[in-house]
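Here are the chains, one letter per residue:
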Amino acid sequence: MKENSPLVSVIIPFYNNKMWLEEALESVFNQSYQNLEVIIINDGSKDNIDDVILKYPNFHFYKTTNNGAGAARNMGIEKAVGDYICFLDSDDLWEKDKIEKQIKFMKLHGFVWSHTNYLSFENDSPEKIKILNPDIQGYILPKMLISCGIATPCVMIKADVLKLDNTIRFNQDYKVGEDSAFWIKLAQKYELGYLPEVLTKVRLRGKNAAYDPRLQLQAKAQFYNLVKKNKNFFKNNKDYKAILLGFYMANKLNKTLSYFPENKTPKYIAYLFYAFPYLYLKIALKFLKL
């Protein structure tokens, strides 16, 4: 590692919408910190991006079959040779000093991984901006199981952590929540640093998983076995049983909802099913003070 200017690997999974990809790449190209290795994983997109490849000759483009964002990021991790690794989704953007400020923050405080504050904006209504404040830091388990405000494009990780432990990867079987499962693996070993500056812009679209109650319920349900097997995440048996009940509820409701065809079931049914474990866990988080 160069002491004053370590190499930062930027991993960008891409699947369709070339225009947004170009916006994302431009936000990387314009970074004040220039010692970058930019890796774009074309995850089987139908868009022709030959002109984009020509526009950024110093960026590294790879193409694979469509296996999802998690698999694309894992491929990027294997290709990366940088001292730090960060992720940017192809529809999101960075402020020009994002990497510079985050590198300084991590080196100053000795964090192995960190995230920043961010704002979200609606693609169809760019004037609708919401600034998030995901003040989650330190040893974040088990709190993050219930409420995880970490946005993938906000994260930076020391590469050695991932290179020396190939179990810390994105779960390629998850349709949603693969990022949270990845954070859990890191959180089991390392404190999380939080830089409370808005350095990332996250685009919201109608198809975002955050808008889909079925996918959100599925994400909660798939953590049931993880919680069940990791009693050590909790300070005492009471907290463990209280939180496990919420994920058990999500698991059962998710199985029940699977019997309702998505295209024939009113969406409010999915919202109702999701609301029960969501509200229960939120209340538990407040009273248990995890």
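Scroll up to find the structure.
K.L.:
Describe the packing of helix H8 (residues 213-221) against helix H10 (residues 237-257), listing the residues and the values that go with them.
P.N.:
Between H8 and H10, the least distance of the axes is 8 Å, while the angle of their chain directions is 130°. Judged by the angle between their axes, H8 and H10 are oblique. Note on packing geometry: the crossing formed by H8 with H10 is left-handed. Residues Arg-214, Leu-217, Gln-218, Lys-220 and Ala-221 of H8 lie in contact with H10, whose contacting residues are Phe-247, Ala-250, Asn-251, Leu-253, Asn-254 and Leu-257.

K.L.:
Account for the nonpolar core, with residues named and values stated.
P.N.:
With 45 residues, the main nonpolar core has Trp-113, Ile-157, Leu-162, Phe-182 and Leu-186 as its most contacted residues. With 6 residues, helix H7 (residues 178-187) is the single largest residue contributor to this core. Those residues in contact with Phe-182 that sit more than four places away from it in its chain are Ile-77, Phe-87, Ile-157, Leu-162, Ile-168, Arg-169 and Phe-170. Formed by 28 residues, the second largest nonpolar core is a distinct cluster that contains Val-8, Leu-21, Ile-40 and Tyr-56.

K.L.:
If you had to explain unusual backbone geometry to someone new, which residues and values would you point to?
P.N.:
Between Leu-141 and Pro-142 the backbone carries a cis peptide bond, its omega angle lying at 5°. With respect to the helices and strands, Pro-142 occurs in the loop between strand E7 (129-131) and helix H5 (143-146). With a phi angle near 70°, Asn-16 is a residue other than glycine that sits in the positive phi range. Inspection of the secondary structure puts Asn-16 in the loop between strand E1 (8-14) and helix H1 (18-29). Exposure remark for Asn-16: the relative accessible area of 24% places this residue in the partly exposed category. A positive phi angle, near 70°, is found at Asn-17, a position not held by glycine. Take Asn-17: it is sitting in the loop between E1 and H1.

The rules we used
- Each residue is numbered by its place in its chain's sequence as written, counting from 1.
- In keeping with the predicted nature of the model, local features appear solely for residues at pLDDT of at least 70, side-chain atom pairs appear and are counted solely at 80 or more, and the whole-chain, interface and lining totals rest on all residues.
- Hydrogens and waters are ignored; side-chain quantities use all the structure's heavy atoms.
- Convention adopted: a line fitted to C-alpha atoms gives each axis, helices being fitted over their contacting stretch, and angles between N-to-C directions are expressed from 0 to 180 degrees.
- Only runs of H or I of at least four residues qualify as helices and only runs of E of at least two qualify as strands under DSSP, and these elements are numbered from the N terminus.
- Oblique is the label for any angle not covered by the other classes, which are roughly parallel (under 35 degrees), roughly antiparallel (over 145) and roughly perpendicular (65 to 115).
- Crossing chirality is assigned from the near helix's rotation relative to the far helix, an anticlockwise turn below a right angle marking it left-handed and a clockwise turn marking it right-handed.
- Contact criterion: two residues are considered in contact whenever any of their non-hydrogen atoms come within 4.5 Å of each other.
- We define the nonpolar core as a collection of buried residues of types Ala, Val, Leu, Ile, Met, Phe, Trp, Tyr and Cys that are connected through side-chain atoms lying within 4.5 Å of one another.
- The rule is simple: take the accessible area with a 1.4 Å probe, protein chains only, and divide by the maximum for that residue type; under 20% is buried, over 50% is exposed, in between is partly exposed.

The analysis is restricted to geometry; functional conclusions fall outside its scope.
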